[in-house]
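# Observations on the three-dimensional arrangement
Here's the letter readout for the chains.
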Amino acid sequence: KGVDSKRFVAGAEIYAREAHCGTCHQADGKGLPDAGFPPIAGTQWSQGNPDRLIKLTLNGLLGPIEVEGKEYPGLVPMTPFGALLNDEEIASVLTYVRNSFGNKASPIEPAQIKKVRDELKGRVDMFSPEELLKQHPME
């Protein structure tokens, strides 16, 4: 648990960085729905299948998405962070997201990030929500 709590603290710092997660998803994880930025608080996108979350974090997300029963046009892409953050940093920020804002989910290990990153090697395009849900149906 010591490593998980260190990751959580590091993840909180990464989340709050300028032009990182909190810019769109906000300090409370509730997003800015009117501006097209969905919440990550209490959603299966955050708390569900770790690979789905890792993929959208590494490669970004573009296209219409439904979150908590609300449709988002998905015109503003989610930034792909694969080139900006290393495996430890992504594991940290996702551990933070999965255990903040009322979310309760398993921590993420750097080895999980590396595995998915290796699977996606050579892929440059963003994911669409539809493609991710085909690969990892919602729980």
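The structure we're discussing is the one just above.
Read on for an overview of the structure.

The axes of two packed helices give the description: the angle between them and the distance between them. The N-to-C vectors of helix α4 (residues 50-59) and helix α5 (residues 87-98) enclose an angle of 125°; their axes lie 11 Å apart at closest approach. By the angle class used here, α4 and α5 are oblique. Along this stretch, α4 crosses α5, giving a crossing that reads as right-handed. Taken together, the residues of α5 that come into contact with α4 (itself represented by P50, L53, I54, T57 and L58) are I90, L94 and R98.

Tallied over the full model, the rule gives 11 salt bridges. Its salt-bridge partner being E109, residue R7 comes within 3.3 Å of it at the nearest N-O pair. In this pair, R7 sits in helix α1 (residues 2-16) while E109 sits in the loop between α5 and α6 (110-119), placing the two residues 102 residues apart along the sequence. With its nearest N and O atoms 2.8 Å apart, the salt bridge here joins E139 to R52. Here R52 lies in helix α4 and E139 lies in the segment after α7 (129-135), a separation of 87 residues in the sequence. Take R52: its relative accessible area is 0%, and that puts it in the buried class. Each of R7, E88 and E109 takes part in one network of salt bridges that share partners.

Okay, the packing of α4 against α6 next. Relative to each other, α4 and α6 sit at 65°, their axes nearing to 10 Å. Every pair of crossing elements has a handedness; the one defined by α4 and α6 is right-handed. Facing α4, whose interface residues are P50, D51, I54, K55 and L58, α6 presents Q112, I113, K115, V116, R117 and E119.

About the criteria used
Residues numbered from 1 in each chain as written. Predicted model: local features only at pLDDT ≥ 70, side-chain atom pairs only at ≥ 80, totals over all residues. Heavy atoms only, no water. Axes fitted to C-alpha atoms, helices over the stretch in contact; angles between N-to-C directions. Helix = DSSP H or I, 4+ residues; strand = E, 2+ residues; numbered from the N terminus. Parallel < 35°, antiparallel > 145°, perpendicular 65-115°, else oblique. Left-handed = near helix turned anticlockwise from the far one by under 90°. Contact = heavy atoms within 4.5 Å. Salt bridge = Lys/Arg side-chain N within 4 Å of Asp/Glu carboxyl O. Buried < 20%, exposed > 50% of the residue type's maximum accessible area, 1.4 Å probe, protein only.

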